[in-house]
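Summary of structural features
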Amino acid sequence: MGDVPFGVSYYSADVFTERNIFHLDWSGGAPPEPYFKDDEFTIKWGQNWGIPIYNWPATRAQDFAWWRQRVRGVKRIFHIFRIDHVLGFYRIYAFPWRPNRNAEFLPLTQAQMLERTGGRSPHFAPRDDETTENAEANRREGEEYLRTVLAESGATRVVGEDLGTVPKYVRPSLRSLGVMPIQIPHCGI
């Protein structure tokens with residue numbers, strides 16, 4: 001099985017050649033989680049993975065050419081591939097700083113962080129799921145992007161890594177599209 005990471009490195013050839021389809025002043029990750037008891041940064045601010053955020057309107061304007069090329073490359077090698085962090089097609093948690101600055105932000109209060117970032121704070125992009133309208137827009141746009149991937153994949157099967165804090169609409173959306181989810185069995189120890 002092949003792997004298609006949702007994110008790419010800031011230093012990748014993809015970012016170098018396709019700068020316009022990324023928001024390079026933002027860094028993708030995951031929201032704060034109380035489950036990582038030993039990681040103060042993740043509890044306070046979230047996980048800052050350091051991946052650039054996609055500029056979906058610019059990608060759409062190019063008819064998703066970059067994603068189509070990516071899928072064509074993977075399907076030449078594999079009959080099934082996994083999209084890592086498939087939640088990012090719907091929305092992603094965005095940081096206004098790169099991970100190499102995480103230690104600098106750990107001790108700061110919310111007000112100090114906003115001062116240092118010029119008023120920009122970590123948030124879900126393109127929008128949070130707090131209202132029905134936002135959740136519906138995220139679902140609709142995520143399905144549009146994934147339909148492009150699925151159309152390009154043809155007979156190649158697609159698996160979506162849907163771990164973490166998953167909005168209620170995502171798993172039904174993935175099922176409706178025929179994207180297989182990742183299943184992690186719980187075992188009581």
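Please read these numbers as outputs of a predicted model, since none were measured by experiment.

**Examining the packing of aromatic side chains**
- Evaluation of the coordinates by the stated rule reveals 19 aromatic pairs.
- A ring pair is formed by Trp45 and Trp97, whose centres lie 5.8 Å apart and whose planes are at 90°; its orientation type is edge-to-face. Remark: Trp97 occurs in the loop between strand S5 (92-95) and helix H5 (102-105) and Trp45 occurs in the loop between helix H2 (40-44) and strand S3 (47-54); sequence separation between them is 52 residues.
- For Trp45, a relative accessible area of 5% puts it in the buried group.

**So, the pattern of salt bridges**
- A complete count under the given rule lists 14 salt bridges for this structure.
- Residue Asp63 is joined to Arg68 by a salt bridge in which the shortest nitrogen-to-oxygen separation is 3.3 Å.
- For Asp63, a relative accessible area of 46% gives the class partly exposed.
- When salt bridges that share partners are traced, they join Asp63, Arg68, Arg72 and Glu152 into one network.

**Describing the nonpolar core**
- Trp67 and Phe89 are the most contacted members of the largest nonpolar core, which totals 36 residues.
- When residues of this core are traced back to their parent elements, those giving at least two are strand S2 (22-30), S3, helix H3 (56-61), helix H4 (65-75), strand S4 (80-84), S5, helix H7 (132-153) and helix H8 (170-177).
- Of all hydrophobic cores here, the second largest spans nine residues; its members include Phe41, Trp45, Leu108 and Met113.

**Examining the sheet that holds S5**
- One open sheet accounts for four strands, arranged S3-S2-S5-S6; its pairing is antiparallel. Where the open sheet ends on each side, the last strands, each with one partner, are S3 and strand S6 (123-125). Averaged over all neighbouring strand pairs, the angle between strand axes comes to 55°, with direction disregarded.
- Where S2 and S3 come together, six bridges link them in antiparallel fashion. Residue pairing across strands places Gly29 opposite Asn48, the latter belonging to S3.

Rules used throughout
Residues numbered from 1 in each chain as written. Predicted model: local features only at pLDDT ≥ 70, side-chain atom pairs only at ≥ 80, totals over all residues. Heavy atoms only, no water. Phe/Tyr/Trp six-rings, centres within 6.5 Å; stacked < 30°, edge-to-face > 60°. Helix = DSSP H or I, 4+ residues; strand = E, 2+ residues; numbered from the N terminus. Buried < 20%, exposed > 50% of the residue type's maximum accessible area, 1.4 Å probe, protein only. Salt bridge = Lys/Arg side-chain N within 4 Å of Asp/Glu carboxyl O. Core = buried A, V, L, I, M, F, W, Y, C linked by side-chain atoms within 4.5 Å. Pairing = 2+ DSSP bridges. Axes fitted to C-alpha atoms, helices over the stretch in contact; angles between N-to-C directions.

Geometric values such as these leave the question of function open.
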